[in-house]
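# Geometric and topological summary
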Amino acid sequence: MKIAIYPGSFDPVTSGHMDIIQRSSRIFDKLIVAVLENKRKTPSFTVEERMEMIRKASADLPNVEVGTFSGLTVDYARLCNANAIVRGLRAISDFESELAMAAMNKRMAPELDTVILFTSSEWSFISSSVVKEMCSFGGDIHGLVPDCIAEEVQNKLQGCGGIK
């Protein structure tokens, strides 16, 4: 069985993330969207909220699961018996850091491959930070995040006066 993890903060999950999730779910038998719990950052949404938003947005993808981890991605991948780590690239500016991360992961876990998917061009400008900033100033985020969570994201972030 081909199992992959797609790690990230997903704070919140965007249409760009969903593009990678949907396409990865067609490549792998099982895709685990792995929500990172980073104690050094203060996310806008709790781990539980982020996991639930991803579950809602991927409800029509039967081979997609949602999990959470802290620490090294390769350790979580091993725990999940994953063969691969999925990463998405929005722009060439992401390439250098993704290449370094893939090389370090390969050094720590030679049995794991990194699979990089380019985000579809229609989503290449979207990031969670952009969504949060738009919301904080009352902007409309419909289309930037999955429709099933847009109102939830908007309600939590709109008018907060800034991003976390």
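The structure under discussion appears in the preceding block.
Report on the accompanying structure. Everything quoted here is computed from the prediction, not taken from an experiment.

### Considering the layout of surface pockets
Roughly 1,100 Å³ of volume is contained in the largest pocket. Taken together, 43 residues make up the lining of the largest pocket; nearest its centre are Pro7, Gly8, Ser9, Phe10 and Arg87. At the level of secondary structure, the elements contributing two or more residues to the lining of the largest pocket comprise strand 1 (3-8), helix 1 (15-27), helix 2 (47-57), helix 3 (73-79), strand 4 (84-89), helix 4 (92-108) and helix 5 (128-136). For the lining of the largest pocket, the element with the highest residue contribution is helix 4, accounting for seven residues.

### Details of the pairing of strand 3 (residues 64-69)
Here six bridges tie strand 2 (residues 30-36) to strand 3, and the two strands are oriented parallel to one another. Each bridged residue has a counterpart across the sheet, and for Ala34 the counterpart in strand 3 is Gly67.

### Things to note about the packing of helix 5 against helix 6 (residues 147-157)
Orientation of helix 5 relative to helix 6, taken along the N-to-C sense of each, is 60 degrees, at an axis distance of 8 Å. Judged by the angle between their axes, helix 5 and helix 6 are oblique. Crossing geometry of helix 5 relative to helix 6 is assigned as right-handed. Of the residues in helix 6, those touching helix 5 at Val131, Lys132, Cys135 and Ser136 are Val153, Gln154 and Leu157. Its residues placed into classes, the contact of helix 5 with helix 6 shows four nonpolar, two polar and one charged.

### Details of helix 4
For helix 4, with 17 residues, the first-to-last C-alpha span of 25 Å sits near the 24 Å given by 1.5 Å per residue. The complete set of buried residues in helix 4 reads Asp94, Glu98, Ala102 and Asn105. Its buried side turned inward, helix 4 meets helix 3, strand 4 and strand 5 (113-118).

### A few points about the side chain of Thr119
Inspection of the secondary structure puts Thr119 in the loop between strand 5 and helix 5. Residue classification places Thr119 among the buried residues on the basis of a relative accessible area of 10%. In contact with Thr119, other than residues within four places in its own chain, are Gly16, Asp19, Ile20, Arg23, Leu89, Arg90 and Ser124.

### What to know about the pairing of strand 4
Strand 4 sits mainly inside the fold: five of its six residues count as buried. Bridge analysis of strand 1 against strand 4 gives two bridges, and the strand direction is parallel. Residue pairing in the sheet places Ile5 in a bridge with Ile85 of strand 4. Relative to strand 5, strand 4 is paired through six bridges, and the arrangement is parallel.

Basis of the calculations
Residues numbered from 1 in each chain as written. Predicted model: local features only at pLDDT ≥ 70, side-chain atom pairs only at ≥ 80, totals over all residues. Heavy atoms only, no water. 1 Å grid on protein atoms, 1.4 Å probe; cavity = no way out; pocket = protein on both sides within 12 Å on 5 of 7 lines; lining within 4 Å. Points joined across faces, edges and corners; volume = space filled by probe spheres on them. Helix = DSSP H or I, 4+ residues; strand = E, 2+ residues; numbered from the N terminus. Pairing = 2+ DSSP bridges. Axes fitted to C-alpha atoms, helices over the stretch in contact; angles between N-to-C directions. Parallel < 35°, antiparallel > 145°, perpendicular 65-115°, else oblique. Left-handed = near helix turned anticlockwise from the far one by under 90°. Contact = heavy atoms within 4.5 Å. Nonpolar A, V, L, I, M, F, W, Y, C, P; charged D, E, K, R; others polar. Expected span 1.5 Å × (residues − 1). Buried < 20%, exposed > 50% of the residue type's maximum accessible area, 1.4 Å probe, protein only.

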